[in-house]
Amino acid sequence: MALRPVVGDLFTLDLPALGHGVNCVGSMRGGIAVEFRRRWPRMHAAYQDLCAAGDLQPGDVFPWVADDVVVYNLAIQQDSGADACLDAVDRSVRSTLLDAGTREIDALGVPRLGAGIGGLVWADVLDTLISAAADSPVDLVVVTRA
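*Asks:* Quick rundown of the environment of R37? Include the residues and the values.
*Replies:* Structurally, R37 can be placed in helix α1 (residues 33-39). Once you skip the residues sitting within four places of it in the chain, R37 turns out to touch M28, R29 and H44. A polar contact is formed between the side chain of R37 and the backbone oxygen of M28, at a distance of 2.5 Å.

This is the structure in structure tokens:
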């Protein structure tokens, strides 16, 4: 499918899957990650355990199946702060879309990955997302807040 830009609130779009960028040190203390942590505290605890064990690396993805949505934690940076990497965005998004396709999920919503706290230039990230979504059966919905 293709990338579909939407302006709104990621959490109110009634999408079957949501994703967001994370680091590999177990910190969800900034940006939209704070809301993911608040909504799914057991996911946050499992994510911290994965990071503490060294089992989440840039480019990986950690899926979490909640009652009403699949949450994808995309490891787009090693450390917290402005440490996101385009290669990690590309690999984690492609893995996420592949996993969502095997689960027969038709749409995945994400914020502007890596372009906030992560420090990447949005135009570069957008090109990466368009390329990753081009061959996927999953609609990649990129949500920008109003």
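*Asks:* Which residues make up the pattern of salt bridges, and what values do they have?
*Replies:* Inspection of every chain in the model, using the stated rule, returns 6 salt bridges. Note that D87 and R91 form a salt bridge whose closest N and O atoms lie 2.8 Å from each other. With D87 and R91 both in helix α3 (residues 86-102) and 4 residues apart, the pair spans about one turn of that helix. What makes R91 partly exposed here is its relative accessible area of 37%. For the salt bridge of D90 with R94, the shortest nitrogen-to-oxygen distance reads 2.9 Å. With D90 and R94 both in helix α3 and 4 residues apart, this pair spans about one turn of that helix. Salt bridges linked by common partners bring E35, R38 and R39 together as one network.

So, how was this worked out
- Residues numbered from 1 in each chain as written.
- Predicted model: local features only at pLDDT ≥ 70, side-chain atom pairs only at ≥ 80, totals over all residues.
- Heavy atoms only, no water.
- Helix = DSSP H or I, 4+ residues; strand = E, 2+ residues; numbered from the N terminus.
- Contact = heavy atoms within 4.5 Å.
- Polar contact = N/O pair within 3.5 Å; in protein donor to acceptor, adjacent residues only side chain to side chain.
- Salt bridge = Lys/Arg side-chain N within 4 Å of Asp/Glu carboxyl O.
- Buried < 20%, exposed > 50% of the residue type's maximum accessible area, 1.4 Å probe, protein only.

These figures come from the coordinates and say nothing about function on their own.
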